[in-house]
Amino acid sequence: MNLNALKKMDKDDLLNLIGLESRRSAAEDVLPVLGAFAAGILVGAGLGLLLAPKAGNQLRDDLKQRLQSGQDYLSNTLGRSETSPSQGAQPPVSRTA
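Residues numbered from 1 in each chain as written. Predicted model: local features only at pLDDT ≥ 70, side-chain atom pairs only at ≥ 80, totals over all residues. Heavy atoms only, no water.

Caption draft 1: Structural view of the overall build of the protein. In terms of helices and strands, the protein carries four helices and zero strands. In the protein, the order of α-helices and β-strands from amino to carboxyl end is α-α-α-α. When each of the 97 residues of the protein is scored for burial, the buried share is 1%. In the structure as shown, the protein presents an accessible area of about 9,300 Å², 60% of it carried by carbon and sulfur atoms. (Helix = DSSP H or I, 4+ residues; strand = E, 2+ residues; numbered from the N terminus. Buried < 20%, exposed > 50% of the residue type's maximum accessible area, 1.4 Å probe, protein only. Areas by Shrake-Rupley, 256 points an atom, 1.4 Å probe, with all protein chains shown as cover.)

Caption draft 2: Fine view of a nonpolar patch on the surface. The grouping of Leu-3, Leu-6, Leu-14, Leu-17, Ile-18 and Leu-20 at the surface amounts to a nonpolar patch, some 570 Å² of accessible area in total. Contributions of two or more residues to the nonpolar patch are made by α1 (3-8) and α2 (11-17). Mapped onto the fold, Leu-6 is located in helix α1. (Patch = residues over 30% accessible without salt bridge, like charges linked within 9 Å, V, L, I, M, F, W, Y side chains within 5 Å. Salt bridge = Lys/Arg side-chain N within 4 Å of Asp/Glu carboxyl O.)

Caption draft 3: Geometry of the environment of Asp-12. Within the element layout of this structure, Asp-12 appears in helix α2. Residue class for Asp-12 comes out partly exposed when judged on its relative accessible area of 42%. In sequence terms Asp-12 and Ser-22 are 10 residues apart; their C-alpha atoms lie 6.7 Å from each other.

Caption draft 4: Highlighting the environment of Ser-22. Looking at the secondary structure, you find Ser-22 in the loop between α2 and α3 (26-50). Excluding its chain neighbours within four sequence positions, the residues that come into contact with Ser-22 are Lys-11, Asp-12 and Leu-15. (Contact = heavy atoms within 4.5 Å.)

Caption draft 5: Region of interest: the confidence of the model for the protein. Per-residue confidence for the protein gives a mean pLDDT of 79, with 81% of residues at or over 70. Predicted confidence in the protein is weakest over α1, with a mean pLDDT of 77, and strongest over α3, with 89. (pLDDT = per-residue confidence, 0-100.)

Laid out in structure tokens, this is it:
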């Protein structure tokens, strides 16, 4: 093997030539695990909905009511926090001499 052939090789080829390999990054290890976890969550949720003891219409109505009550709770909570004065704030005191 001559020097020109070595120049044309990339990093992985050179490492393989001497019996080594490049280190895998953490992302290459974590991403497949996260993908499998997300797929498991989706399959579990789907099976849970399929095996639910209520009929589809009742289940959808219950979900709709729960989501609506959650939205109402959030809007009421956010509305109260925006209109109420902060705890430390006091009205300015005018001092005339």
